[in-house]
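# Secondary and tertiary structure notes
Okay, here's what each chain looks like letter by letter:
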Amino acid sequence: MFANQAVDEVATRTQCLSDRGTVDGVTQFALTALGSPEVLLDRRLLQVTRVTFDDQVLNPISLRWLDGRSRSWRDFTGTPDHFVVDDNALSLRVVPAQSVAGTLRLEAIHRPLTLMVAADDEPEIPLHLRADAVLWMCHLAYLKNDADTALPGASTGFSERVCGS
């Protein structure tokens, strides 16, 4: 548990993990003709840096701008040339809605996509950042509310050494 939390912390702080639209349901989506133009964003995504539909780059646009131009923008269909992110719903929508089937790819910075469960599992983070993960594991372990291990001072010392904090 501490190892997974530590790897997640290092990946979040350093933004060292990214994908270029290769993970089905996370950064790659098959959109059907006249199907839903909206995909749910995985909570492990930290930042979407680029969006393409069938290898054509889509430009970001805001809900406010779209609503100001036309209240019926959600009904438009055609070849998508923009995308809009709804942070409240954690969704991304192509604009206009696709009139042909295609592949939506998100290039994104993300948190770890797989948890380590076996003793020989390796973390997704690069090798040069794994020492920081070990330090964060020590920080978490010394924070544990247990009479034998709780050492808040030691925990703080380890947390200050992680990622240049």
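All of the points below concern the structure found in this document. (Residues numbered from 1 in each chain as written. Predicted model: local features only at pLDDT ≥ 70, side-chain atom pairs only at ≥ 80, totals over all residues. Heavy atoms only, no water.)

### Observations regarding the overall build of the chain
In plain terms, the rule: Under the scheme used here, helices are H or I runs from DSSP no shorter than 4 residues and strands are E runs no shorter than 2 residues, and both carry numbers assigned from the N terminus. Buried residues are those whose accessible area, probed at 1.4 Å on protein chains only, stays under 20% of the maximum for their type, while exposed residues exceed 50% and partly exposed ones sit between those limits. Contacts between residues were defined by any pair of non-hydrogen atoms, one from each residue, lying within 4.5 Å. Method for areas: the Shrake-Rupley scheme with a 1.4 Å probe, in which residue coverage is limited to the protein chains shown.
Summing up its helical and strand segments, the chain has 4 helices and 10 strands in all. When the helices and strands of the chain are read in sequence order from the N terminus, they spell out α-β-β-β-β-β-α-β-β-β-β-β-α-α. A burial count over the chain gives 36% of its 165 residues as buried. Taking the contacts inside the chain whose residues are at least 6 apart along the sequence as the reference set, 63% of them involve residues at least 24 apart. Of the accessible surface of the chain, which amounts to about 9,900 Å², a share of 51% is contributed by carbon and sulfur atoms.

### Comments concerning helix H3 (residues 130-143)
Defined as follows: A helix is expected to span 1.5 Å for every residue after the first. Here the arc refers to the directions that run from the helix axis out to each C-beta atom.
Here H3 contains 14 residues, and its C-alpha end-to-end distance of 20 Å stays within 8% of the 20 Å for a straight helix at 1.5 Å per residue. Burial in H3 covers these residues: Asp-132, Ala-133, Leu-135, Trp-136, His-139 and Leu-140. Down the axis, H3 shows its buried residues gathered within 160° of arc, on one side only.

### Thoughts on the packing of helix H1 (residues 2-14) against H3
Relative orientation and spacing of two packed helices are given, respectively, by the angle between their axes and the distance between those axes. For clarity, the cut-off: Axis angles are defined between N-to-C directions and span 0 to 180 degrees, where every axis is a line fitted to C-alpha atoms and, for a helix, only to the segment in contact. Angle categories: roughly parallel below 35 degrees, roughly antiparallel above 145, roughly perpendicular from 65 to 115, and oblique for all the rest. Whether a crossing is left-handed or right-handed is set by the direction in which the near helix is turned from the far one by less than a right angle, anticlockwise for left-handed and clockwise for right-handed.
For the pair H1 and H3, interaxial distance at closest approach is 8 Å and the crossing angle is 125°. Between H1 and H3, the crossing angle belongs to the class labelled oblique. Regarding H1 and H3, the two cross each other, and that crossing is right-handed. Contacts between H1 and H3 involve Phe-2, Ala-3, Gln-5, Ala-6, Val-7, Glu-9, Val-10 and Arg-13 from the first element and Asp-132, Ala-133, Trp-136, Met-137, Leu-140 and Ala-141 from the second.

### Some words on the nonpolar core
Counted only if it meets this: Nonpolar cores were defined as sets of buried Ala, Val, Leu, Ile, Met, Phe, Trp, Tyr and Cys residues, with membership established by side-chain atoms within 4.5 Å.
By size, the foremost hydrophobic cluster in this structure holds 15 residues, and its most contacted members are Leu-31, Val-51, Leu-58, Leu-92, Leu-104 and Leu-106. Residue assignment for this core shows that the elements contributing at least two residues are strand S2 (28-31), strand S4 (45-53), strand S8 (91-95) and strand S10 (102-110). Leaving out residues up to four positions away in the same chain, Leu-92 has contacts with Pro-37, Glu-38, Val-39, Leu-41, Val-51, Phe-83, Val-84, Val-85, Leu-104 and Leu-106. Core analysis: the next-biggest nonpolar cluster, separate from the first, contains 11 residues, Ala-6, Val-10, Ala-11 and Ile-125 among them.

Function cannot be inferred from these measures alone, as they are strictly geometric.
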